[in-house]
Amino acid sequence: MTESRTPVPRSRGAPSPESPRTATIRLRPPANRVERRAIAWWAMRAAVFALIPCGAAGIAYAVVEQAREWLGPPLVVAVATGILLTAVTPWIRYAVHRWETTEEAVYARSGWWVREWRAAPISRIQTVDTLRGPFAQLLGLSTLVVTTASARGAVRIGGLDTAVADEEAERLTEITRRTPGDRT
Amino acid sequence: MTAEAGPADRTEGQDSAREKAQAQRPWLRLDKRLIAVDLVQLVAAQLPTLVAVAVFDVPPTLESLWPVVIIAGIGVATSVNNIVRWIKTRYRVTEEYVERRTGLFVRRYRSVRRDRIRSVDSQANLRMRVAGLRVVYFGAGQQNTAGEQALSLNAVSKKTAQRLRRELTGAGEEPAGTEPDGDVFARVRYRWVVYNIFNVWAYAAAVGLLVSAFVLATTFGIDLWGPAARVFDPDVLGWGGAVALALPAVGAVGVGSLAVSFFTGYWKFTLSRVTTDGGTVLRTRQGLLRTREVNRDDARLRGAKLTEPLLWRWMGLTETSVITTGLSVWSDAPVILPRGPRSVARQVVDRVLGEEERPLDAGLARHPAGALRRRLLWASLFTGTVVAGTAWSGAMTDAVGPDAWWITAVVLGPVALLLALAAYRALGHAVAGAYLVMRSGMMSRGTAALRRHAVSGVAVRQSLLQRRMGLASVTVTTAAGEGAYEALDMAVDDALSFAADGPPGILEPFLVREGPRNR
């Protein structure tokens, strides 16, 4: 994990929550980057995600002769989008995804097209889980999932080293146990 | 995690230790009268078949009798199911838990800790009321968005239902058959029926009603189709005339049935705040044939929401619900007022929330022009995609005519742009005293007032497009209601102050505060 604090470069003056135009407050980026091998993880997931529609359209194109006449352009668009998603978005994600846990809260930045800064206070945490999908296991990565009483309030931090995620989960569980709060 | 505190489903025999410790309390059966009600229902379900054969001389074959046979079959199935449930269900209330065992093939044991029970509500349909029975629902805090009751007993006697509610929620004793005491916030006004009957569901209700009427009448040898076809004869009226006559006629049937369901559903509807031993509850009582009483613990109240779909909005109508933990948003338990005028709804919400600084009276901040541009852009992109698709399939296939693309553009374009404008005008947000107020929605505008202290997480979101337009959205998550409420497309500066100062302190460790910058 790289402990760098370089802020995101301000792109062409367009205001973001980390570089607002006139506000006297701004969000700072979370302290930690995720693992570099998360790029491979995201690429694998994007590839699988893209393969499903592309594969279906490809098979239809190969098998159903009547469909060829009109299926060509959608197939080309689907394959091009899939390749773009697989090749480009993991690198953007690596630049964006950052995380941080303190004694008071969990804080994460994520997304590639939609950026999201998400925070949940320790006093509201209900469960801390780690999650490992097949690709993540291959790469030794884990996702830390911190849920609150809200069904839609989970903070998910993907692309962590398994050891780091386990250690962090244990630490958060311990802090949560010590912190009073009604969890709702 | 408080897994053991919530309702737990286990198969038999996993926690015998605790069971032994509490074995002194007897296990109780559901009320015996359930069987009597069932037998009556069982006989009643056979009546249509008997009447059809005996009175109307319908030949006793499956081809002619199938609709009434289905009715009889459903009657038998539900009766058998009810009797099996009566035989196999036991429940008890111990010092710590409410427990229930049930199930014929899969034995289920379910327990809910008593201090987790937030509401004890009862319901009864007509035959249960005649027999003095009530279905009792226990609601626990953990379920907030899971869409499931913690535990239900179907059915116990009215007396037992009242005793359970007293015992478990500390609600005071009430003389039977009187109006609810306490502060009455609203009663139904029966003229509101007009607001509740004119909608598209009228047609759905009418079609259901008419189809079953035709099918049943056919079974009894009465031909309704012939007279109907003569009245709406396309050869006499022409197709346009027949449709022009039939649509209002069907609509009238639907409106009529919705009116009936409004009156039976909201009969004697009262919303009141009742003081109990354990605090105060917000209580609604309603119903003519099927009575329903819902008690919502005020300690769990986190806010209120007005829901105004497009057409009602123009008529100044709204639906009113509370934002509270422990009630499923998928049921209508959070709804505290039938659809009615916005002015009444706002007064009721003000009294329900009981705030000096009324959240719904707060002036909502307008959102920047970028929010409108974003909506117009999406509307144009949507229209463009559909038009391009139509043009392409017009050129490549015979599915649509060659003129279809510009007709689509002329029809779809203005509608999409107007909806974009409506969606923009719906946007608004404010921090009002102890509440956050967020308003948005294209087809259905929702105004949510949420207690700031109920917020359990914050997310600031910004797409690359929003960034170009200087916008950002804020989502606050909470244990209550829908789980998350959004303030969409604010100027980045506003989004930051809303996210930082609205939900107290959550983002504070991650903010950099500095002097005003000049750029």
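Rules of the game
- Residues numbered from 1 in each chain as written.
- Chains lettered and ligands numbered in written order.
- Predicted model: local features only at pLDDT ≥ 70, side-chain atom pairs only at ≥ 80, totals over all residues.
- Heavy atoms only, no water.
- Buried < 20%, exposed > 50% of the residue type's maximum accessible area, 1.4 Å probe, protein only.
- Helix = DSSP H or I, 4+ residues; strand = E, 2+ residues; numbered from the N terminus.
- Pairing = 2+ DSSP bridges.
- UniProt positions renumbered as here; feature names shortened; annotations may be inferred.
- Expected span 1.5 Å × (residues − 1).
- Bend = angle between axes of the 7 residues up to and from the residue.
- Contact = heavy atoms within 4.5 Å.
- Salt bridge = Lys/Arg side-chain N within 4 Å of Asp/Glu carboxyl O.
- Polar contact = N/O pair within 3.5 Å; in protein donor to acceptor, adjacent residues only side chain to side chain.
- Nonpolar A, V, L, I, M, F, W, Y, C, P; charged D, E, K, R; others polar.
- Axes fitted to C-alpha atoms, helices over the stretch in contact; angles between N-to-C directions.
- Parallel < 35°, antiparallel > 145°, perpendicular 65-115°, else oblique.
- Left-handed = near helix turned anticlockwise from the far one by under 90°.
- pLDDT = per-residue confidence, 0-100.
- Domains from an automatic or database assignment.
- Buried area = accessible area lost by both parts, 1.4 Å probe.

Caption draft 1: Summary view of the pairing of strand β13 (residues 317–324) of chain B. All names here are of chain B. Among the eight residues that make up β13, seven are buried, leaving the element largely enclosed by the rest of the structure. Strand direction decides the pairing type here: β13 and strand β14 (residues 335–341), joined by four bridges, are antiparallel. Residue pairing in the sheet places threonine 318 in a bridge with glycine 340 of β14.

Caption draft 2: Quick look at the UniProt feature "domain: YdbS-like PH" (unreviewed entry) in chain A. Under the present numbering, the feature "domain: YdbS-like PH" (unreviewed entry) in UniProt falls on residues 95–167 of chain A. Counting secondary structure, residues 95–167 of chain A comes out at 19% helix and 55% strand; the distance between its end C-alpha atoms is 24 Å.

Caption draft 3: Layout of the UniProt feature "transmembrane region" (unreviewed entry) in chain A. All names here are of chain A. Here the UniProt feature "transmembrane region" (unreviewed entry) sits at residues 42–64 and 70–92. Annotated as residues 42–64, this span is 96% helix and 0% strand, and its ends, taken at the C-alpha atoms, are 33 Å apart. As annotated, residues 70–92 has a helix share of 100% and a strand share of 0%, and its two end C-alpha atoms lie 34 Å apart.

Caption draft 4: Fine view of the UniProt feature "domain: YdbS-like PH" (unreviewed entry) in chain B. Under the present numbering, the feature "domain: YdbS-like PH" (unreviewed entry) in UniProt falls on residues 86–167 and 424–497 of chain B. In residues 424–497 of chain B, the share of helix is 19% and the share of strand is 59%. The end C-alpha atoms are 21 Å apart.

Caption draft 5: Representation of helix α2 (residues 33–54) of chain B. Helix length check: α2(B) (22 residues) gives 31 Å between terminal C-alpha atoms against 32 Å at 1.5 Å per residue, within 8%. Roughly 30 degrees is the biggest bend found in α2(B), and it falls at B:Leu47, with proline B:Pro48 one to four residues downstream.

Caption draft 6: Focus on the interface of chain A and chain B. The interface of chain A with chain B comprises 46 residues on the first partner and 46 residues on the second. At the boundary of chain A and chain B, one finds one salt bridge. Between B:Arg461 and A:Glu116 there is a salt bridge; the shortest N-O distance is 2.5 Å. For the pair chain A and chain B, the interface holds 14 residue pairs in polar contact (both at pLDDT 80 or more). Mapped onto the side of chain A that touches chain B, the elements with two or more residues apiece are β1 (25–27), α2 (68–96), β4 (105–110), β5 (114–121) and β6 (125–131) of chain A. The leading source of residues in the side of chain A that touches chain B is β5(A), at eight residues. Split into classes, the residues belonging to the side of chain A that touches chain B amount to 21 nonpolar, 12 polar and 13 charged.

Caption draft 7: Inspection of the sheet that holds strand β8 (residues 155–161) of chain A at higher detail. Residue and element names in this part refer to chain A. An order of β6-β7-β8 is seen for the three strands of this open sheet, with the pairing classed as antiparallel. Sheet topology places β6 and β8 at the edges, where each strand pairs with a single neighbour. Each strand axis lies, on average, 20 degrees off the axis of its neighbour in the sheet, ignoring direction. Bridge count between strand β7 (residues 141–148) and β8: five bridges; the pairing is antiparallel. Each residue of the ladder has a partner; that of valine 146, found in β8, is valine 155.

Caption draft 8: Looking closely at the UniProt feature "transmembrane region" (unreviewed entry) in chain B. Residue and element names in this part refer to chain B. Sequence positions flagged by UniProt for "transmembrane region" (unreviewed entry) are, in local numbering, residues 34–58, 64–84, 197–222, 242–263, 376–392 and 404–437. Along residues 64–84 the backbone is 100% helical and 0% strand, and the end-to-end C-alpha distance reaches 32 Å. Secondary structure within residues 404–437 divides into 68% helix and 24% strand; the distance between the first and last C-alpha atoms comes to 44 Å.

Caption draft 9: Structural context of the environment of B:Ala449. All names here are of chain B. As for its placement among the helices and strands, alanine 449 is situated in strand β17 (residues 444–451). C-alpha separation for the pair alanine 449 and glycine 241, spaced 208 residues apart in sequence, amounts to 49 Å. Not counting the four nearest positions on each side in its chain, alanine 449 is found in contact with Arg302, Gly303, Ala304, Ile323, Pro359, Leu360, Tyr435, Leu436 and Val437.

Caption draft 10: Local environment of the packing of helix α3 (residues 62–88) of chain B against helix α7 (residues 201–219) of chain B. Residue and element names in this part refer to chain B. Close contact between α3 and α7 brings their axes to 7 Å; oriented N to C, the two are set at 120 degrees. With respect to their mutual orientation, α3 and α7 come out oblique. Crossing of α3 over α7 shows left-handed handedness. Between α3 and α7, the contacting residues are Ser64, Leu65, Trp66, Pro67, Val68 and Ile71 on the first element and Val215, Leu216 and Thr219 on the second.

Caption draft 11: The arrangement of the confidence of the model for chain B in detail. Residue and element names in this part refer to chain B. Averaged over all residues, the pLDDT of chain B is 81; the fraction at 70 or higher stands at 89%. Between the elements of chain B, mean pLDDT differs from a low of 45, seen in strand β1 (residues 8–11), to a high of 94, seen in strand β16 (residues 435–440). Note that pLDDT drops below 50 for residues 142–148; the model gives that stretch 23 contacts with residues more than four away or on any other chain. This complex was scored by the predictor with a pTM of 0.76 and an ipTM of 0.87.

Caption draft 12: Structural detail: the pairing of strand β9 (residues 270–276) of chain B. Residue and element names in this part refer to chain B. For β9, the tally of buried residues reaches six of seven residues, placing the bulk of the element in the interior. For strand β8 (residues 183–187) and β9, the ladder comprises four bridges, and the chain directions are antiparallel. Paired with alanine 186 across the two strands is leucine 271, which belongs to β9.

Caption draft 13: Region of interest: the domain arrangement of chain A. Residue and element names in this part refer to chain A. Entries for chain A in the domain assignment read domain 1 (2–21 + 99–178) and domain 2 (39–93). The C-alpha-based centres of domain 1 and domain 2 are spaced at 30 Å. The interface of domain 1 with domain 2 comprises 11 residues on the first partner and nine residues on the second. Summed over both partners, the interface of domain 1 with domain 2 buries about 850 Å², with 83% contributed by carbon and sulfur atoms.

Caption draft 14: Fine view of the domain arrangement of chain B. Residue and element names in this part refer to chain B. When its domains are assigned, chain B resolves into domain 1 (33–169), domain 2 (192–265), domain 3 (270–366 + 427–510) and domain 4 (369–425). Counting from both sides, the interface comprises 11 residues of domain 1 and, opposite them, five residues of domain 2. Summed over both sides, the interface between domain 1 and domain 2 buries roughly 560 Å², with carbon and sulfur atoms accounting for 84% of that surface. Scanning the region where domain 1 abuts domain 2 turns up zero salt bridges.

Caption draft 15: The sheet that holds strand β19 (residues 471–478) of chain B, seen in detail. With antiparallel pairing, the seven strands of this open sheet are ordered in space as β2(A)-β3(A)-β4(A)-β5(A)-β18(B)-β19(B)-β20(B). Only two strands of the sheet have a single neighbouring strand rather than two, namely β2 (32–33) of chain A together with β20 (484–491) of chain B. As paired elements, β5(A) and strand β18 (residues 455–463) of chain B share six bridges and run antiparallel to each other. The residue bridging A:Trp117 from the neighbouring strand is B:Val460, located in β18(B). Packed onto the sheet, helix α4 (residues 162–178) of chain A meets β3 (98–101) and β4 of chain A and runs at close to 35 degrees relative to β3(A). Helix α15 (residues 492–501) of chain B contacts β18, β19 and β20 of chain B of the sheet and is inclined by roughly 145 degrees relative to β20(B).

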